[in-house]
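Overview (structure and organization)
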Amino acid sequence: MADLDEIYNTRILELAGAISRTERLDHADARATAHSKLCGSTVTIDLALRDGRIIDYGQSVKACLLGQASASVMAREIVGSTPDELRAVARKMRAMLKDGGPPPAGRWADLATLEPVRNYKARHASTLLVFDAVESALDEIAAGRDAAVASQ
(Lines give C-alpha, C1' and ligand atoms only; values in the text may rest on other atoms or scores of the structure.)
Protein backbone atom coordinates (compact mmCIF):
# COMPACT_ATOMS: atom_id res chain seq x y z
CA MET A 1 0.00 0.00 0.00
CA ALA A 2 1.20 3.53 -0.74
CA ASP A 3 2.06 5.67 2.22
CA LEU A 4 0.61 9.11 2.76
CA ASP A 5 3.86 10.79 1.67
CA GLU A 6 3.38 9.20 -1.74
CA ILE A 7 -0.13 10.64 -2.01
CA TYR A 8 0.56 14.09 -0.58
CA ASN A 9 3.74 14.66 -2.55
CA THR A 10 5.37 17.84 -3.82
CA ARG A 11 3.71 17.61 -7.24
CA ILE A 12 0.24 17.33 -5.66
CA LEU A 13 1.02 20.44 -3.62
CA GLU A 14 2.21 22.25 -6.76
CA LEU A 15 -0.91 21.32 -8.72
CA ALA A 16 -3.24 22.29 -5.88
CA GLY A 17 -1.40 25.59 -5.48
CA ALA A 18 -1.72 26.36 -9.18
CA ILE A 19 -5.50 25.99 -9.35
CA SER A 20 -6.97 28.44 -11.86
CA ARG A 21 -10.28 29.47 -13.39
CA THR A 22 -11.70 30.07 -9.92
CA GLU A 23 -14.14 32.72 -11.14
CA ARG A 24 -17.70 31.61 -11.80
CA LEU A 25 -19.10 32.22 -15.30
CA ASP A 26 -21.99 34.60 -15.93
CA HIS A 27 -22.62 33.06 -19.35
CA ALA A 28 -22.52 29.34 -18.52
CA ASP A 29 -24.46 26.83 -20.59
CA ALA A 30 -24.53 24.53 -17.57
CA ARG A 31 -23.61 24.50 -13.90
CA ALA A 32 -23.12 21.48 -11.69
CA THR A 33 -22.03 20.67 -8.17
CA ALA A 34 -20.51 17.45 -6.87
CA HIS A 35 -20.23 16.80 -3.15
CA SER A 36 -18.50 14.06 -1.18
CA LYS A 37 -20.52 13.07 1.87
CA LEU A 38 -17.50 11.20 3.19
CA CYS A 39 -15.11 14.15 3.44
CA GLY A 40 -17.35 17.17 2.87
CA SER A 41 -15.51 18.35 -0.24
CA THR A 42 -17.54 20.25 -2.84
CA VAL A 43 -16.75 21.30 -6.40
CA THR A 44 -19.08 23.56 -8.38
CA ILE A 45 -18.33 24.17 -12.04
CA ASP A 46 -19.66 26.28 -14.91
CA LEU A 47 -19.23 25.30 -18.55
CA ALA A 48 -19.67 27.17 -21.79
CA LEU A 49 -19.78 25.06 -24.95
CA ARG A 50 -19.75 26.19 -28.58
CA ASP A 51 -19.38 24.17 -31.75
CA GLY A 52 -18.74 20.97 -29.79
CA ARG A 53 -15.87 22.32 -27.66
CA ILE A 54 -15.54 23.89 -24.24
CA ILE A 55 -14.88 27.61 -24.71
CA ASP A 56 -14.94 28.71 -21.07
CA TYR A 57 -14.87 27.19 -17.61
CA GLY A 58 -15.15 28.40 -14.05
CA GLN A 59 -15.03 26.57 -10.75
CA SER A 60 -15.39 26.90 -7.01
CA VAL A 61 -13.37 24.23 -5.21
CA LYS A 62 -13.75 23.57 -1.51
CA ALA A 63 -11.84 20.31 -1.33
CA CYS A 64 -8.76 18.62 0.06
CA LEU A 65 -5.43 18.74 -1.76
CA LEU A 66 -6.39 15.75 -3.92
CA GLY A 67 -9.61 17.38 -5.08
CA GLN A 68 -7.77 20.65 -5.65
CA ALA A 69 -5.06 18.92 -7.69
CA SER A 70 -7.67 17.22 -9.92
CA ALA A 71 -9.53 20.50 -10.34
CA SER A 72 -6.29 22.29 -11.16
CA VAL A 73 -5.51 19.92 -14.03
CA MET A 74 -9.11 20.14 -15.24
CA ALA A 75 -9.04 23.95 -15.25
CA ARG A 76 -5.75 24.00 -17.13
CA GLU A 77 -6.80 21.52 -19.84
CA ILE A 78 -10.57 21.75 -20.29
CA VAL A 79 -10.86 24.70 -22.69
CA GLY A 80 -10.79 23.32 -26.22
CA SER A 81 -11.82 19.83 -25.10
CA THR A 82 -14.82 18.01 -26.52
CA PRO A 83 -17.47 16.37 -24.35
CA ASP A 84 -16.30 12.95 -25.60
CA GLU A 85 -12.71 13.69 -24.58
CA LEU A 86 -13.81 14.82 -21.11
CA ARG A 87 -15.93 11.72 -20.60
CA ALA A 88 -13.00 9.54 -21.73
CA VAL A 89 -10.65 11.23 -19.24
CA ALA A 90 -13.22 10.73 -16.47
CA ARG A 91 -13.56 7.03 -17.36
CA LYS A 92 -9.78 6.69 -17.39
CA MET A 93 -9.51 8.32 -13.95
CA ARG A 94 -12.17 6.05 -12.47
CA ALA A 95 -10.51 2.98 -14.00
CA MET A 96 -7.11 4.13 -12.69
CA LEU A 97 -8.40 4.53 -9.15
CA LYS A 98 -10.93 1.73 -8.91
CA ASP A 99 -9.56 -0.96 -11.26
CA GLY A 100 -5.81 -0.33 -11.34
CA GLY A 101 -5.92 0.91 -14.93
CA PRO A 102 -3.30 3.18 -16.48
CA PRO A 103 -3.51 6.94 -15.89
CA PRO A 104 -4.61 9.41 -18.54
CA ALA A 105 -1.89 10.40 -20.97
CA GLY A 106 -1.12 13.28 -23.30
CA ARG A 107 -2.05 16.70 -22.04
CA TRP A 108 -3.88 15.06 -19.10
CA ALA A 109 -0.71 13.21 -17.96
CA ASP A 110 -0.41 15.24 -14.74
CA LEU A 111 -3.39 13.24 -13.46
CA ALA A 112 -0.97 10.31 -13.11
CA THR A 113 0.30 12.09 -10.00
CA LEU A 114 -2.93 10.94 -8.36
CA GLU A 115 -2.31 7.26 -9.15
CA PRO A 116 -1.24 6.35 -5.56
CA VAL A 117 -4.74 7.37 -4.39
CA ARG A 118 -6.01 4.04 -5.76
CA ASN A 119 -4.86 2.43 -2.49
CA TYR A 120 -7.06 4.76 -0.42
CA LYS A 121 -10.72 4.21 -1.32
CA ALA A 122 -11.81 6.93 1.11
CA ARG A 123 -9.93 9.46 -1.07
CA HIS A 124 -11.42 8.40 -4.42
CA ALA A 125 -14.55 10.55 -4.11
CA SER A 126 -12.72 13.82 -3.50
CA THR A 127 -10.24 13.07 -6.29
CA LEU A 128 -13.09 12.44 -8.75
CA LEU A 129 -15.39 15.32 -7.76
CA VAL A 130 -14.41 17.63 -10.60
CA PHE A 131 -15.00 14.83 -13.13
CA ASP A 132 -18.43 14.11 -11.62
CA ALA A 133 -19.36 17.79 -11.83
CA VAL A 134 -18.12 18.18 -15.42
CA GLU A 135 -20.05 15.10 -16.55
CA SER A 136 -23.21 16.35 -14.81
CA ALA A 137 -22.89 19.69 -16.61
CA LEU A 138 -22.32 17.92 -19.94
CA ASP A 139 -25.44 15.82 -19.26
CA GLU A 140 -27.41 19.00 -18.57
CA ILE A 141 -26.27 20.53 -21.86
CA ALA A 142 -27.09 17.35 -23.79
CA ALA A 143 -30.54 17.10 -22.15
CA GLY A 144 -31.28 20.71 -23.09
CA ARG A 145 -30.28 20.12 -26.68
CA ASP A 146 -32.31 16.89 -26.84
CA ALA A 147 -35.34 18.74 -25.47
CA ALA A 148 -34.90 21.55 -27.99
CA VAL A 149 -34.71 19.07 -30.87
CA ALA A 150 -37.76 17.16 -29.61
CA SER A 151 -39.83 20.34 -29.42
CA GLN A 152 -39.14 21.29 -33.03
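Above this text sits the structure in question.
Here is a short report on the structure shown in this document. Along each chain, the written sequence defines residue order, and numbers are assigned to residues from 1. Totals for whole chains, interfaces and linings use all residues, but because this is a predicted model, local features are given only for residues with pLDDT of at least 70 and pairs of side-chain atoms are given and counted only at 80 or more. Excluded from the side-chain calculations are hydrogens and water; all other atoms, namely the structure's heavy atoms, are used.

**Comments concerning the overall build of the protein**
Quick note on the threshold: Going along the chain from the N terminus, every DSSP run of H or I of four or more residues is numbered as a helix, and every run of E of two or more is numbered as a strand. Radius of gyration: C-alpha atoms only; globule rule: 2.2 Å multiplied by the number of residues to the exponent 0.38. Classification of residues uses two cut-offs on accessible area relative to the type maximum, computed with a 1.4 Å probe and protein chains only: under 20% is buried, over 50% is exposed, and between them is partly exposed. Note on contacts: a residue pair qualifies if any of its non-hydrogen atoms lie within 4.5 Å across the two residues. We get accessible surface area from the Shrake-Rupley algorithm with a probe of 1.4 Å; when it comes to residues, only the shown protein chains can shield them. For the charge count, each Lys or Arg is scored as positive and each Asp or Glu as negative, with His and the chain ends excluded. A charge is said to be at NZ when it belongs to Lys, at CZ for Arg, at CG for Asp and at CD for Glu.
Across its full length, the protein carries 5 helices and 3 strands. In terms of C-alpha radius of gyration, the protein reaches 15 Å, essentially the compact-globule figure of 15 Å for 152 residues. Buried positions account for 43% of the 152 residues belonging to the protein. Relative to all contacts within the protein whose residues are 6 or more apart in sequence, the contacts with residues 24 or more apart total 61%. For the protein, the accessible area works out to roughly 7500 Å², and carbon and sulfur atoms hold 51% of it. Each charge sign in the protein was given a centre, from 19 positive and 21 negative side chains, and these centres are 2 Å apart.

**Points about the packing of helix H2 (residues 10-17) against helix H3 (residues 65-77)**
The following threshold applies: Between the N-to-C directions of two axes lies an angle of 0 to 180 degrees, each axis being a line fitted to C-alpha atoms and, for a helix, fitted only over the stretch in contact. An angle below 35 degrees is treated as roughly parallel, one above 145 as roughly antiparallel, one from 65 to 115 as roughly perpendicular, and anything else as oblique. Throughout, a crossing is termed right-handed when the near helix is turned clockwise from the far one, and left-handed when it is turned anticlockwise from it by less than a right angle. Throughout this entry, Asp, Glu, Lys and Arg are counted as charged residues, while Ala, Val, Leu, Ile, Met, Phe, Trp, Tyr, Cys and Pro are counted as nonpolar. The remaining residues, Gly among them, count as polar.
Between H2 and H3, the shortest axis-to-axis distance is 7 Å and the interhelical angle comes to 60°. Considering the angle they form, H2 stands oblique to H3. Like other packed secondary-structure pairs, H2 and H3 cross with a definite hand, here left-handed. Along its contact with H2, which presents Arg-11, Ile-12, Leu-13, Leu-15 and Ala-16, the element H3 presents Leu-65, Leu-66, Gln-68, Ala-69, Ser-72, Val-73 and Arg-76. When its residues are assigned to classes, the contact of H2 with H3 shows 8 nonpolar, 2 polar and 2 charged.

**Observations concerning the pairing of strand E3 (residues 53-62)**
Moving residue by residue along a regular strand, the side chains alternate between the two faces of the sheet. Let me state the cut-off plainly: At least two DSSP bridges between two strands are required for those strands to pair.
Where strand E2 (residues 42-50) lies against E3, 9 bridges are found, and the strand directions are antiparallel. By the bridge assignment for E3, Leu-47 is matched with Tyr-57.

**Digging into H3**
Along an α-helix, a turn takes 3.6 residues, which lines up residues three or four apart on a common side. Selection criterion: A helix is expected to reach a length of 1.5 Å times the quantity of its residues less one.
Counted at 1.5 Å a residue, the expected span for H3 with its 13 residues is 18 Å, and the 18 Å between its end C-alpha atoms agrees. Most of H3 is tucked away: 10 of the 13 residues are buried. The complete set of buried residues in H3 reads Leu-66, Gly-67, Ala-69, Ser-70, Ala-71, Ser-72, Val-73, Met-74, Ala-75 and Glu-77.

**Overview of the state of the cysteines**
Spelled out, the test is: Cysteine sulfur atoms are paired as a disulfide whenever they come within 2.5 Å of each other.
Taken as a whole and assessed by the stated rule, the structure comprises 0 disulfides. Note on Cys-64: no disulfide assigned, nearest cysteine sulfur contributed by Cys-39 at a separation of 5.5 Å. Under the relative-accessibility criterion, Cys-64 is labelled partly exposed at 24%.

**Here we look at the sheet that holds strand E1 (residues 30-35)**
In space, the 3 strands of this open sheet follow the order E1-E2-E3, with antiparallel pairing throughout. If you trace the sheet from one side to the other, it starts and ends with E1 and E3, each paired once. Mean inter-strand twist for the sheet, computed between neighbouring axes without regard to direction, equals 20°.

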